[in-house]
Amino acid sequence: MAALYACTKCHQRFPFEALSQGQQLCKECRIAHPIVKCTYCRTEFQQESKTNTICKKCAQNVKLYGTPKPCQYCNIIAAFIGNKCQRCTNSEKKYGPPHSCEQCKQQCAFDRKDDRKKVDGKLLCWLCTLSYKRVLQKTKEQCKHLSSSSRASLQEKEQFSRLSTGSHYNSQKTLSTSSIQNEIPKKKAKFDAISANGDSFSPDLALDSPGTDHFVIIAQLKEEVATLKKMLHQKDQMILEKEKKITELKADLQYQESQMRAKMNQMEKTHKEVMEQLQIPQEAGDSSLHQLLKAFVSAGRVDHVAMVMGLHPQYLSSFWKTQYLLLRMDGPLPYHKRHYIAIMAAARHRCSYLVGLHMGEFLQVGGNPAWLRGLHCAPQKLRNLNEINKLLAHRPWLVTKEHIEALLKPGEDSWSLAELVQALVLLTHYHSLASFVFGCGIKPEEEQDVGNSCSPHSDSSPASDDSMGGSGGTDAVQEVEMLMERMKLLQENQLEEEGVTQEEMATRFELEKTESLLVPSSDILDPALQSNIRCFLEDPEFGYKDFTRRGEQAPPTFRAQDYTWEDHGYSLMNRLYPDVGQLLDEKFQVVYNLTYNTIAMHCGVDTSVLRRAIWNYVHCVFGIRYDDYDYGEVNQLLERNLKIYIKTVACYPEKTTKQIYTQFWRHFKHSEKVHVNLLLLEARMQAALLYALRALTRYMT
């Protein structure tokens, strides 16, 4: 009976041939405890359990030193102490610094100074050496299988030859036997030739060269595939991290948008509450105004412009919506450039209040502080707006399609059509707002407290005292009565009179333009204001010039019927800047139709003819004529002092003084004079916009 041997794992007895070499394991134990590579040091070990992926030595090191780092030489994750694994540390001490492996090209092969230690004459690292030996071992096993199968076939042939008879078959047998014997030495010669070519392995491990090359190439490709898979996994991790970050940014953006919407809804709610509070009788004016200011302060920061406009809350709501959309909502221009354009526009009229206000806003939204040193420090793209800025501020009738074409001309500093439209609206908005600031005498906020900062050229604030705006007396009362009689007479004539010829209408318009030349103007500028904002001005001497002067060739009159806001300007603006076009039209309509049916001490008065006269006179000084309007009404309704005030505020607001403010409508309230300034603001803005949009239309067609 054959001897039996015990398995080193289960200790059951088996024939020696049934146990594995080295570990002496039976078949079942080999399946249950396969040989695997350690996750860290990459050495092979007998796996005790499926969860055990590291060898005993690495497990002990993990307990002592923690998780290892990649080795700086072989890149194996086995550096428990320092930056090098123990194998590379010992090899470096013994054989010197590492060399480049001829297989993986890493700097991790150690030259042992012995060619017999090399693998097939190559200097390989430890991992590549193991891989190469595994390939050779598999090839050896395949060769053994082939040789055993050839011997079995040879024995079968010999048995068949013994059963056969006849001399002819014996001769064939002799031939076949000799041929087989001849083949065997040939194969041996091949193995000898391989070992003679310098193979360092024993003849038992030798291969025929084609098979060896193929297996080596396959091993190399497998290593490359593993490396690429590892790189692909790293890239996937990076992509996942970036997608995670993008998701977080989108969530943050969505949160900010929701916060902005909530803030806007809250502001709109506050505005509605304020308007509801103002729906009270006229005699409770002081208390309602106090409540308005209290509501504004509770809602947040309130500038002086809002406090003065608060005398007319219906208009203030429309104004706030428009300005909020221009400055803070999405649009083609970045936020800091919008505020810088506002600075450029306000600087044309030396309005230090608006310049200072938007310098602070410019810095708050992340603008470059160097730009505030002056226009010469701003980008060329913004500096290119200087020409159209000064024309819209002082002589808008000179704006042509060539100015639009120069800004839209392709180039590094060119403007897009959407950007230019927003810039034009901002420029005209702040030119007219500067007129309102000077016309109402609004002072910079750093000079006074909120309670006493909005004085329209008087010692008392309109927010706290809406009493008579000028000196009383019989003359002032007579002026009011005369104005009432003229308004009543004009309204009666409009009902009775069939109409005036177009020739007479044109004559009266030309007469009104000529009389507007008689309004005096001063060329003296405040040097303090000029020094504060001169850095934002180019060509500071350029200013308003009368549309018609004696002895000069006047530009053609702008006939409102040829290019109206309702038929042409609004449709173009609504197409290029939809939301703003709608709000601008609403703002024009609100201020044009705004009335409390009062004049000074009189109530129940229809003021439509007076409001239309002020609106059309502002357009007249900018060269715009309405064919269907009798400009004789202007001379009847607007006294000389009022004309002086209107032209000064509309054309050169920086020259407005307290004297010209107090000389007109001496018996009227401050709120009524603010109403006049609101009409001036919107009429001037519409006039400048009409000239700009007409030039834009001509460029587009």
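Read on for a plain summary of the structure. (Residues numbered from 1 in each chain as written. Predicted model: local features only at pLDDT ≥ 70, side-chain atom pairs only at ≥ 80, totals over all residues. Heavy atoms only, no water.)

### As for a nonpolar patch on the surface
Phase 1: There is a patch of nonpolar side chains on the surface, built from Leu64, Tyr65 and Ile81 and spanning about 340 Å² of accessible area.
Phase 2: Relative to the helices and strands, leucine 64 is located in helix H2 (residues 56-65). (Patch = residues over 30% accessible without salt bridge, like charges linked within 9 Å, V, L, I, M, F, W, Y side chains within 5 Å. Areas by Shrake-Rupley, 256 points an atom, 1.4 Å probe, with all protein chains shown as cover. Salt bridge = Lys/Arg side-chain N within 4 Å of Asp/Glu carboxyl O. Helix = DSSP H or I, 4+ residues; strand = E, 2+ residues; numbered from the N terminus.)

### Observations concerning the packing of helix H21 (residues 608-621) against helix H23 (residues 640-651)
Phase 1: Packing of H21 against H23 brings their axes to within 10 Å, and their N-to-C directions diverge by 55°. Viewed along their axes, H21 and H23 adopt a mutual orientation that is oblique. H23 is crossed by H21, and the crossing has right-handed handedness. For the pair H21 and H23, contact is made by Ile614, Tyr617, Val618 and Val621 and by Lys643, Ile646, Ala650 and Cys651, respectively.
Phase 2: The residue makeup of the contact of H21 with H23, split by class, is 7 nonpolar, no polar and 1 charged. (Axes fitted to C-alpha atoms, helices over the stretch in contact; angles between N-to-C directions. Parallel < 35°, antiparallel > 145°, perpendicular 65-115°, else oblique. Left-handed = near helix turned anticlockwise from the far one by under 90°. Contact = heavy atoms within 4.5 Å. Nonpolar A, V, L, I, M, F, W, Y, C, P; charged D, E, K, R; others polar.)

### What about the nonpolar core?
Phase 1: Membership of the largest hydrophobic core comes to 131 residues, with the highest contact counts inside it found for Met309, Tyr340, Trp415 and Phe436.
Phase 2: It is helix H25 (residues 670-700) that provides the largest number of residues to this core, a total of 17 residues.
Phase 3: When sequence neighbours within four positions are dropped, the list of residues in contact with methionine 309 reads Tyr315, Leu316, Phe319, Leu433, Phe436, Leu678 and Leu681.
Phase 4: Counting residues in each nonpolar core, the second largest holds 26 residues, with Tyr73, Ala78, Cys88 and Cys128 among its members. (Core = buried A, V, L, I, M, F, W, Y, C linked by side-chain atoms within 4.5 Å. Buried < 20%, exposed > 50% of the residue type's maximum accessible area, 1.4 Å probe, protein only.)

### Observations regarding unusual backbone geometry
Phase 1: Backbone geometry at arginine 42 places phi at a positive 70°, although glycine is not the residue there.
Phase 2: In this structure, arginine 350 takes a positive phi of about 55° despite not being glycine.
Phase 3: For arginine 350, the location among the structural elements is in the loop between helix H10 (335-348) and helix H11 (352-364).

### Here's the deal with the side chain of lysine 381
Phase 1: Relative to the helices and strands, lysine 381 resides in helix H12 (residues 380-383).
Phase 2: The class of lysine 381 is buried, set by a relative accessible area of 15%.

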